[in-house]
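Listed below, chain by chain, are the residues.
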Amino acid sequence: MREMFAADPNRFDKFSLRLEGLLFDYSKNLITEKTLALLIDLAHQSNLKDWIERQFNGEKINASEGRAVLHTALRSPRDHSVQADGKNIIPDVHRVLDHIRRYTAAVHSGAASGYTGKKIRHIVNIGIGGSALGPLMACEALKPYGSADLSAHFVSNVDASDIAETLKKLDPETTLFIISSKTFTTQETITNARTARAWLIGCLGSEEAVAKHFAAVSTNLTETSKFGINPENVFEFWDWVGGRYSLWSAIGLPIALYIGMENFERLLAGAHAMDEHFRHAPLEKNMPVILGLLGIWYGNFFGIGSYAILPYDQYLQRFPAYLQQLEMESNGKRVDRAGHEVDYDTHFTVWGEPGTNGQHSFYQLIHQGTRMVPADFLAPLASHNPIGEHHAMLLSNCFAQTEALMLGKTGAEARTELTAQGLSGNALETLLPYKIFPGNRPSNTLLFEKLDPYTLGMLVALYEQKIFVQSVVWNINAFDQWGVEFGKQLANKLLPELRGKETVTSHDSSTNNLINLYRNRRNVS
Ligand code: F6P
C-alpha cells in the first residue's frame, strides 16, 4: 500500500465516496483499480442489481421462513408505495408511526401518566437480541438528543441480576416497561416481563397498575392481550421485519420516547437516504456495495477470521455489539439458497471497542499479530462535547492508527529510530525485530460531520445493506436464524431436568454431571 500511495497522488480521490455528509475512504485497502473492477464483476455475476430490486419490491427473499424483507419500507416516506403480498404496506407503516407519535407526546406531556398520576420518568425496554440491541445502541449513540426528563434502561438477560440491578434504580410510580418481542414467546423476555409485572404490582398494590405501566411491541397480539397489556398500548409490526432489522419499526419506541419523535424521524430519513443511494447508484459508486465487496475480498481471498469495528466516538460504544448480531446472525450461515452446504467461507467474527480505549488493549494484535484484521474506523468531525483539545486528540489518534496500519515501520526505519535514541551494537540488534511493523494492514474510514440521528440512520442502513450485498455474493439467506432457534429448543428441553428430583443420566457425561451438580445444590438450598 505504501508503494501504491507513493505512485498515485490521486489514490484517495479514486478510492473514496461521499454521500451527503458521509465520507467513505477505502483507499487504505489492498486493492488496485483492477481488483475493484473484478470485484464489481463478481457482484454483477451474482446478479446483485436484481437482488436489490427483489429486496425493495417485497419478494419473499427470506425463503426458508417464507417472508419478504422490507425493513426499507419502515423508513419510506408516506407517499411511497411498497407491496407485500399484493398490498401497499406504507399506510400501515405510517399508521403505527402515528401511533408512536401520539403515545410519545402523551408520555412527554404527562397525559399518559403512571397509576398514581405521576409523570413517567423511566422507560425500561425488556427484550433481547434484535428487540433490544438496536434501541440500546441508538439511545446510547443519541444521548445528546435524549430527554433530560427521561432515563432509558434495557433489560435482556434471563440472569435475574440484570433486572434486579435495573429495578433498584427505579421508582415504580414513574416507570414504564416496554415489552419488546416479535414473537412474545422468547423465554428471557417473558420471564423478565413477569418479574417486572410482579414487582410493579407488589410496589403499587394493584393489578390495575399494569395497564398504566406496560406497553408492548409485538407481532403476536394474542399473547400481548393474555399478558394483560392495554390494547391501546400495543404497537404492532409485521413478519416482514426481521428482528435484527427492526429498530425502524415500533421496536424503536424507546428511541422515539427518549430522543423525541422528530429525531426518530430524522433517523428514519437518514436510513432512507442510504437506501435510495444503494438502490440507484451504480455498483462502482455504491457505498454498501464497495464495503461489502471489500469484506468478501478479505474473507474469501485472504482468509481473514475477524474484522474490527472501531468507532472513535464514545457515543458509538454499543455499535460494535449491535453489528455483531446484525452481521453474524445474518451471514453466519453454511448452507446456500438451494440448501447445499457451501464450499467457501461466509462471515467472519466481528468485534470492536471505541477508540482510543481499544488502542490500549487489543490494537497490538492488529499491528503486529500474525493474522490480518481489517478494520472500519468511524469518526465525527465535530464533537457534541467540544472541550479543550479532546477532539483533536481523538482524531489524531484515529488518523494516526489507520496510517500506521497501512505504512507499518520497516527494519531500516526502526533502525534509524533506535539509533537516534542512542542504541547501537547488540542492544540495537536485539530490540530491532520487536520494533518492526509489517504494515499493509487494511482499513476503511467513515467520517461524518456529527453523530446526529440522520447520520446514525445512514450508518446503520449502510451496514444493513452491505450485509445484504455479501449474502448475495455468498448465495445465502441473510434473514433467517435457525442456529439461534436450536439453542432455544435445547434450553427448553433441559430446564425440567434442572428442576427435577431424579439424577440425570440421559446426556453425555459432561452434561449429566453439570446438571446433577446444579440439581444437588438446588435441592440442598
Ligand atoms: O436471538 C434470536 C432472535 O430470534 C433474534 O433474531 C431476535 O431478534 C431475538 O431472538 C428476539 O426475538 P423476539 O423479538 O421474538 O423476542
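The preceding data block contains the structure.
Residues numbered from 1 in each chain as written. Predicted model: local features only at pLDDT ≥ 70, side-chain atom pairs only at ≥ 80, totals over all residues. Heavy atoms only, no water.

Can you break down the site of the ligand residue by residue, with the values?
Around the ligand, 14 residues are found, and the nearest of them are Ser131, Ser181, Thr183, Thr186 and Glu329. Here an oxygen atom of the ligand sits 2.7 Å away from a polar atom, N or O, in the side chain of Glu329. Taken by itself the ligand offers 390 Å² of open surface, and the protein chains cover 90% of this. The set of elements that each furnish at least two residues to the shell around the ligand consists of helix H14 (319–331) and helix H20 (482–499). Among the residues making up the shell around the ligand, the classes are represented as two nonpolar, nine polar and three charged. (Near = heavy atom within 4 Å. Polar contact = N/O pair within 3.5 Å; in protein donor to acceptor, adjacent residues only side chain to side chain. Areas by Shrake-Rupley, 256 points an atom, 1.4 Å probe, with all protein chains shown as cover. Helix = DSSP H or I, 4+ residues; strand = E, 2+ residues; numbered from the N terminus. Nonpolar A, V, L, I, M, F, W, Y, C, P; charged D, E, K, R; others polar.)

Please provide a residue-by-residue account of the side chain of Ser443, values included.
Note on placement: Ser443 falls in strand E13 (residues 443–448). Given a relative accessible area of 2%, Ser443 falls into the buried group. Contacts of Ser443, omitting those with residues within four sequence positions, involve Asp25, Lys28, Asn29, Ala375, Phe377 and Thr402. (Buried < 20%, exposed > 50% of the residue type's maximum accessible area, 1.4 Å probe, protein only. Contact = heavy atoms within 4.5 Å.)

Would you mind going over the packing of helix H12 (residues 261–280) against helix H13 (residues 287–301) in detail, with residue names and values included?
The interhelical angle for the contact between H12 and H13, taken along N-to-C directions, is 75 degrees, at an axis separation of 8 Å. One element, H12, and the other, H13, form an angle in the roughly perpendicular class. When H12 is examined against H13, the residues Met274, His277 and Phe278 are found in contact with a partner set consisting of Met287, Pro288 and Val289. Here the residues of the contact of H12 with H13 are counted per class, giving five nonpolar, one polar and no charged. (Axes fitted to C-alpha atoms, helices over the stretch in contact; angles between N-to-C directions. Parallel < 35°, antiparallel > 145°, perpendicular 65-115°, else oblique.)

So what's going on with the pattern of salt bridges? Which residues, and what values?
Within the structure shown, the criterion is met by 27 salt bridges. In this structure, Lys14 and Asp8 form a salt bridge, with 2.6 Å as the shortest nitrogen-oxygen distance. With a relative accessible area of 18%, Asp8 lands in the buried category. With a shortest N-O distance of 2.9 Å, Lys226 and Glu223 are connected by a salt bridge. Residue Lys226 and its partner Glu223 are both found in helix H10 (residues 221–227); the two are separated by three residues, about one turn of the helix. In this structure Lys226 comes out as exposed when scored by relative accessible area, which is 62%. The network of salt bridges with shared partners includes Arg78, Asp98, Arg101 and Glu265. (Salt bridge = Lys/Arg side-chain N within 4 Å of Asp/Glu carboxyl O.)

Help me get a handle on the sheet that holds strand E8 (residues 214–218), residues and values and all.
On the basis of which strands lie adjacent, the open sheet formed by five strands has the order E6-E5-E7-E8-E9 and parallel pairing. Strands at the two margins of the open sheet, each flanked by one partner only, are strand E6 (151–155) and strand E9 (234–236). Averaged over all pairs of adjacent strands, the angle between strand axes in this sheet comes to 20 degrees, irrespective of strand direction. As paired strands, E8 and E9 are joined by three bridges and run parallel to one another. In the sheet register, Ser218 faces E9, and the bridge partner there is Glu236. Running at roughly 160 degrees to strand E7 (residues 175–180), helix H8 (residues 187–204) makes contact with strand E5 (122–126), E6, E7 and E8 of the sheet. (Pairing = 2+ DSSP bridges.)

Give me the lowdown on helix H3 (residues 33–45), citing residues and values where you can.
The end-to-end C-alpha separation of H3 is 18 Å, in line with the 18 Å expected for 13 residues at 1.5 Å each. Along H3, the residues that are buried comprise Thr35, Leu36, Leu39, Ile40 and Ala43. Buried residues of H3, seen end-on, are gathered within an arc of 135 degrees and therefore sit on one face of the element. Residues of H3 that are exposed and point over 90 degrees away from its buried face: Lys34 and Gln45. Of the surrounding elements, those touching the buried residues of H3 are helix H4 (48–56) and H13. Where H3 terminates, the next one or two residues include Asn47, which has phi positive at roughly 60 degrees. (Expected span 1.5 Å × (residues − 1). Arc of directions from axis to C-beta.)

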